[in-house]
Amino acid sequence: MHATLTVWMVLAYVLAGLVAWRRGPEIRFGLLMIAAGAAIFVSSIQSANAALPFTIGSVFDLLPPVVFLHVFLAFPSGQLNRRFERALVGTGYATALGLQIVTMALGGYGSANLLELTSRPHAASVLQRIQLVTLSVLALSGIGVLAWRRREQGRPLRRPLALLVDSFALGLVMIAFLFLAGAFGFVAGGSTFEGIRWSTFFVIGLGPIAFLVALLSAQLARSAAADLLVELRSDPLRGDLRDALARALRDPSLKLAYWLPDFRRYVDLDGKPVTLSSEDGRVATPVDRNGVHVAALLHHRGLLEEPDLLEAVGVAAGLALENGRLQAELRAHVEELRGSRARIVEAAHDERRRLERNLHDGAQQRLVGVSLELGLLEDLLPDKHGSRERLTRARSEIAASMDELREIARGIHPAVVSGHGLAVALEQLTARTPVPVELTVQIDGRLPAAQELAAYYVVAESLANIAKHAQATHAAVSVSKTAHNLFVEVTDDGIGGADSEKGSGLRGLADRVEALDGSLRVWSAPRSGTRVRADIPCA
């Protein structure tokens, strides 16, 4: 039994370590596993009859569990990344080797112990108990580290990795139980203690098998990266890039963030800003192409245990991600242009409103004052040389000028829209149009100011064109609203031939509507009348 378990442990760790060493990314981890197998072999030679191998084997008797702890905490890179982990392992080596030499120097290991300097078996027994308790505490602390990693990174996405980590934790539990049993109740060499000892080593020996299974699973996962490369090469412009990457990484929660250097921010494929935050349990892995940062993969924390898989997928999808970044950059520029155009339209509204107010409160009021003064003067002057008639004509000219100013002010900014709403404003507008107009308004309540003004200008410009150019005998205006959109339609029975690309009026209307994410279409076949339809979002 002793020889069988020893061979089992040595071969399992050495062979698994050699496999990891040959693969490249796990060189450090492979060396650790080989060291674990070597430690088991060296400690096993204490069963030899000769004094020298017995002494050497006894010195390294407690070393294998510490190497196991080192292996478990250093997975998968082979390095201990945190100071606390390095302190645990360092304390373990000092306890297993340093205190073991001191214990052997105090005697209690028999006549074959070449390190015995004095015979103090009680002190040696106490020191050995301290060793066992210390190593059991270190093993339990190792379990705490693995549990903390699980809480921080989440359960590994691939089942073999989860099995491997769970086998590590189970091995540390068995080691802690073994040492506590040896320190508080069982006698070394007894059948019960030996049963616990070899059961523990058998469980620890399962670790390399789980590692090889995880290694095979990782190899299959990397083959998915190769399949991804073939898939993207055959259809590099496909729209489900995120789904393809999620399948390759086996992470359905994957998100893509494209880096736009001009904007100094990450965006999604639609050009909307994306924040790289770990609050939702995901972490970001950057993707570079030809030395240029193009994107980031927002993925499950568990994938941090597979950096080579992340790298392989990033390289395979580099071209597609760069194309996606260019698309996202284009959409971001479109969004910026749309926002800029909306701001320009809003600024134009504000300027029109200011001009209308100045005309109403300034020039019109002064003309009203001049007309009143002329009326008073007309009553005071005697009617000589037709003076009163001239004053009357002057007042008529002033009244006509005031009407023109009102029309100009109304064209610059329709105050009636702001004051009374779109329906009332359209009633007044159609009433002033020289062509008979049938008006239908199906809206309830007020709409946002920008949408009301846009709808008003669509109707006003269309009716002005009908009056000037269409030679129409009848026109119709229809305004309706759904849950998310406002529809405005103006038709006439005129000669047609209107072109939104040639005339500045219709082009300006299109810009105004599109600034609100809407659309304007014009149908105007010769001798078939004209139809103007605007679709304006208003949700």
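Predicted model, so just to flag it, every value in this text is computed and none were measured.

The next point concerns the overall build of the chain. Summing up its helical and strand segments, the chain has 17 helices and ten strands in all. Within the span of the chain, comprising 539 residues, buried residues form 42% of the whole. The long-range share in the chain, meaning contacts at least 24 apart out of those at least 6 apart in sequence, stands at 66%. Counting only carbon and sulfur atoms, one obtains 58% of the accessible surface of the chain, whose full area is about 27,600 Å².

To continue, consider the packing of aromatic side chains. For the coordinates displayed, the defined rule picks out two aromatic pairs. The interplanar angle of 55 degrees and the centroid separation of 5.0 Å between the aromatic rings of Trp 259 and Tyr 266 together place this pair among those described as tilted. You'll find Trp 259 and Tyr 266 in the same group, each marked buried. Between Tyr 456 and Tyr 457, the aromatic rings sit 5.9 Å apart at their centres with planes inclined by 75 degrees, giving edge-to-face as the arrangement. On the basis of relative accessible area, Tyr 457 is assigned to the buried category, the value being 9%. The cationic tip of Arg 531 hangs over the ring face of Trp 523; the distance from NZ or CZ to the ring centre is 4.3 Å.

A word on unusual backbone geometry. Both trends apply: most residues other than glycine have a negative phi, and most peptide bonds are in trans. Its identity as a non-glycine residue notwithstanding, Gln 471 has a phi of 55 degrees, on the positive side. Looking at the secondary structure, you find Gln 471 in the loop between helix 16 (449–470) and strand 7 (475–481). Note on Gln 471: relative accessible area 63%, which makes it exposed. Phi at Arg 527 takes a positive value of approximately 65 degrees, unusual for a residue other than glycine. Topologically, Arg 527 is positioned in the loop between strand 9 (519–523) and strand 10 (530–537). Note on Arg 527: relative accessible area 74%, which makes it exposed.

Judged by side-chain polarity, Val 7, Leu 11, Leu 15, Leu 18, Trp 21 and Leu 31 come together as a nonpolar surface patch covering roughly 550 Å² of accessible area. Considering each element in turn, the nonpolar patch owes the most residues, five residues, to helix 1 (residues 2–23). Inspection of the secondary structure puts Leu 15 in helix 1.

Unoccupied space between atoms shows up once a probe the size of one water molecule is rolled over them. What the rule picks out here adds up to two cavities of 30 Å³ or more. Along the walls of the second largest cavity sit Pro 65, Val 66, Leu 69, Leu 135, Leu 138, Ala 139, Leu 172, Ile 175 and Phe 179, which together make up its complete lining. Broken down by secondary-structure element, the contributors of at least two residues to the lining of the second largest cavity are helix 4 (63–74), helix 6 (121–153) and helix 7 (159–183). Residue classes in the lining of the second largest cavity are distributed as nine nonpolar, no polar and no charged.

If you trace the backbone, Ser 524 turns up in the loop between strand 9 and strand 10. Its relative accessible area of 15% is what places Ser 524 among the buried residues. Reaching out from Ser 524, the side chain makes a polar contact with the side chain of Thr 530 at a distance of 2.7 Å. With residues near it in sequence (within four places) discarded, Ser 524 still touches Gly 496, Gly 497, Ala 498, Gly 529 and Thr 530.

Relative to the elements of secondary structure, Gly 142 occurs in helix 6. Along the chain, Gly 142 and Leu 172 lie 30 residues apart, while their C-alpha atoms are 7.1 Å from each other. Not counting the four nearest positions on each side in its chain, Gly 142 is found in contact with Leu 69, Leu 73, Leu 88 and Leu 172.

Before going further, it helps to examine the pattern of salt bridges. What the rule picks out here adds up to four salt bridges. One salt bridge connects Arg 82 with Glu 85, and the closest N-O pair in it is separated by 3.8 Å. On the basis of relative accessibility, which here comes to 3%, the residue Glu 85 falls in the buried class. Residue Glu 452 is joined to Arg 446 by a salt bridge in which the shortest nitrogen-to-oxygen separation is 2.9 Å. Residue classification places Glu 452 among the buried residues on the basis of a relative accessible area of 2%. A relative accessible area of 46% means that Arg 446 is categorised as partly exposed. Sharing partners across several salt bridges, the network here consists of Glu 489, Arg 531 and Arg 533.

Quick look at the sheet that holds strand 10 now. Each strand in a sheet pairs with another by means of backbone hydrogen bonds, the pair being arranged parallel or else antiparallel. Read from one edge to the other, the open sheet built from five strands follows the order 6-7-8-10-9, with strand pairing classed as mixed. Across the chains shown, the open sheet's two edge strands, defined by having one partner strand only, are strand 6 (437–442) and strand 9. Strand-to-strand, the axes of this sheet are offset by a mean angle of 5 degrees, without reference to chain direction. Bridging between strand 9 and strand 10 involves five bridges; their strand directions are antiparallel. Of the residues in strand 10, the one forming a bridge with Leu 520 is Ala 534. Contacts from helix 15 (residues 422–432) reach strand 6 and strand 7 within the one sheet, and its direction differs from that of strand 6 by about 180 degrees. Sitting on the sheet, helix 16 is in contact with strand 6, strand 7, strand 8 (485–492), strand 9 and strand 10, with an inclination near 5 degrees to strand 8.

One open sheet accounts for five strands, arranged 3-2-1-5-4; its pairing is antiparallel. At either margin of the open sheet sits one strand with a lone partner, and together these are strand 3 (273–274) and strand 4 (282–289). By the bridge criterion, two bridges tie strand 2 (residues 265–267) to strand 3 in an arrangement that is antiparallel. Bridge pairing links Tyr 266 to Val 274 in strand 3. Across the sheet, helix 10 (residues 241–249) is in contact with strand 1 (255–260) and strand 5 (292–300); its angle to strand 1 comes to roughly 120 degrees.

Moving on: the environment of Val 368. The residue Val 368 is located in helix 12 (residues 318–380) in this model. In sequence terms Val 368 and Ala 399 are 31 residues apart; their C-alpha atoms lie 8.2 Å from each other.

This brings us to the confidence of the model for the chain. Averaged over all residues, the pLDDT of the chain equals 75, while 66% of them reach at least 70. Note on residues 186–190: pLDDT under 50 across the span, and seven contacts to partners over four residues away in sequence or across chains.

Rules of the game
Residues numbered from 1 in each chain as written. Predicted model: local features only at pLDDT ≥ 70, side-chain atom pairs only at ≥ 80, totals over all residues. Heavy atoms only, no water. Helix = DSSP H or I, 4+ residues; strand = E, 2+ residues; numbered from the N terminus. Buried < 20%, exposed > 50% of the residue type's maximum accessible area, 1.4 Å probe, protein only. Contact = heavy atoms within 4.5 Å. Areas by Shrake-Rupley, 256 points an atom, 1.4 Å probe, with all protein chains shown as cover. Phe/Tyr/Trp six-rings, centres within 6.5 Å; stacked < 30°, edge-to-face > 60°. Lys NZ or Arg CZ within 6 Å of the ring centre and 35° of its normal. Patch = residues over 30% accessible without salt bridge, like charges linked within 9 Å, V, L, I, M, F, W, Y side chains within 5 Å. Salt bridge = Lys/Arg side-chain N within 4 Å of Asp/Glu carboxyl O. 1 Å grid on protein atoms, 1.4 Å probe; cavity = no way out; pocket = protein on both sides within 12 Å on 5 of 7 lines; lining within 4 Å. Points joined across faces, edges and corners; volume = space filled by probe spheres on them. Nonpolar A, V, L, I, M, F, W, Y, C, P; charged D, E, K, R; others polar. Polar contact = N/O pair within 3.5 Å; in protein donor to acceptor, adjacent residues only side chain to side chain. Pairing = 2+ DSSP bridges. Axes fitted to C-alpha atoms, helices over the stretch in contact; angles between N-to-C directions. pLDDT = per-residue confidence, 0-100.

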